[in-house]
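# Report on the structure
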Amino acid sequence: GRAPPRPAALLPQQRPQVQQQVQQQVQPQAQQVRRPVAPPPPAPAPSAPAPRRRQGTKRRGSGQPPSAPGGPDDERRRRKRERNLREQERTHRITERIAELRDAIAEAGVPSKPDRHSTLVSVVGYIRTLQDRSRRLDGEMRGLLETIAGAGRLAGDGGSTSGGSSSSCGGAPPPRG
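Residues numbered from 1 in each chain as written. Predicted model: local features only at pLDDT ≥ 70, side-chain atom pairs only at ≥ 80, totals over all residues. Heavy atoms only, no water.

### Some thoughts on the overall build of the chain
- Assigned secondary structure in the chain consists of three helices and zero strands.
- Taken from the N to the C terminus, the helices and strands of the chain come in the order α-α-α.
- Scored against the burial criterion, the 177 residues of the chain give a buried share of 6%.
- Counting only contacts in the chain whose residues sit at least 6 apart along the sequence, the fraction spanning at least 24 positions is 3%.
- Per element, the accessible surface of the chain, about 16700 Å² overall, is 55% carbon and sulfur. (Helix = DSSP H or I, 4+ residues; strand = E, 2+ residues; numbered from the N terminus. Buried < 20%, exposed > 50% of the residue type's maximum accessible area, 1.4 Å probe, protein only. Contact = heavy atoms within 4.5 Å. Areas by Shrake-Rupley, 256 points an atom, 1.4 Å probe, with all protein chains shown as cover.)

Okay, here's the thing in structure tokens:
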């Protein structure tokens, strides 16, 4: 917050000179406003060469005669059309796959905007959520299997003195008697 420095005060002998300079600057501007606008003088011919166009960008109607059928230009045009067609097909396939992803995450209840970027971001987030859930469920399943195996060992060792092996396959416990 500091205020800008104030200009130095003019000495009394400087005031007429400054006023005269300001008047000289203002008068031509006022005269220009009153004068009718004249067309600008013709521009001198440029001394620098015109900028070069990119290679491969040919303007239509350039005044050149069309190339003969089967010539090199005709072959280039054919290849370019084929390349453009392949690119359009590729783009179409990508658009279809993104629409499938959009439908899949909508069915899963994942919120997403309809544009491609948001769809892909939502899909990546959903895949990561599923991966985390899968890891968590795998850990729970290992824990449950260990609990079942431990319970089977306890059930097999507790009432049996015959020295037989206990099965952890989930079979019926041995009869008590």
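Once the structure has been displayed, the description carries forward.
### Observations regarding a nonpolar patch on the surface
- A cluster of nonpolar side chains, contributed by M141, L145 and I148, occupies part of the molecular surface with about 320 Å² of accessible area.
- Structurally, I148 is set in helix 3 (residues 116–158). (Patch = residues over 30% accessible without salt bridge, like charges linked within 9 Å, V, L, I, M, F, W, Y side chains within 5 Å. Salt bridge = Lys/Arg side-chain N within 4 Å of Asp/Glu carboxyl O.)

### Comments concerning the environment of K113
- Along the polypeptide, K113 turns up in the loop between helix 2 (72–107) and helix 3.
- A relative accessible area of 57% places K113 in the exposed class.
- Taking the C-alpha atoms as reference, K113 lies 9.0 Å from R102; in sequence the two are 11 residues apart.
- Look past the residues within four positions of K113 in its chain and what remains in contact with it is S118 and T119.

### Re the confidence of the model for the chain
- When pLDDT is averaged along the chain, the result is 74; 52% of the residues meet or exceed 70.
- Confidence scores differ between elements of the chain, with helix 1 (residues 15–34) showing the lowest mean pLDDT of 61 and helix 2 the highest of 94. (pLDDT = per-residue confidence, 0-100.)

### Brief notes about the pattern of salt bridges
- Summed over all chains, the structure comprises eight salt bridges.
- Notably, a salt bridge pairs E140 with R136, separated by 3.8 Å at the nearest N-O pair. Linking E140 with R136, this pair stays in helix 3, spanning four residues, or about one helical turn.
- Accessibility expressed as a relative area gives 49% for R136, which makes it partly exposed.
- A cluster of three or more residues bridged by salt bridges with shared partners is formed by E75, R78 and E82.

### Regarding helix 2
- Between its first and last C-alpha atoms helix 2 spans 53 Å; for 36 residues at 1.5 Å apiece the expected length is 52 Å, and the two agree.
- Residue G109 follows helix 2 closely and has a positive phi angle near 80 degrees. (Expected span 1.5 Å × (residues − 1).)

### Concerning the side chain of S122
- Within the element layout of this structure, S122 appears in helix 3.
- Here P111 takes part through its backbone oxygen, which lies 3.4 Å from a polar atom of the side chain of S122.
- S122 has contacts with I105, V110, P111 and S112, leaving out every residue within four places of it along the chain. (Polar contact = N/O pair within 3.5 Å; in protein donor to acceptor, adjacent residues only side chain to side chain.)

### Overview of a positive patch on the surface
- A cluster of basic side chains, namely R79, K80, R83 and R86, defines a positive patch on the protein surface.
- Considering the arrangement of structural elements, one finds R83 in helix 2.
- For R83, a relative accessible area of 48% translates into the label partly exposed. (Lys, Arg positive; Asp, Glu negative; His and termini not counted. Charge placed at Lys NZ, Arg CZ, Asp CG, Glu CD.)

### What about the side chain of S118?
- Residue position: S118 is located in helix 3.
- Sequence-distant contacts of S118, defined by excluding residues within four places in its chain, comprise S112 and K113.

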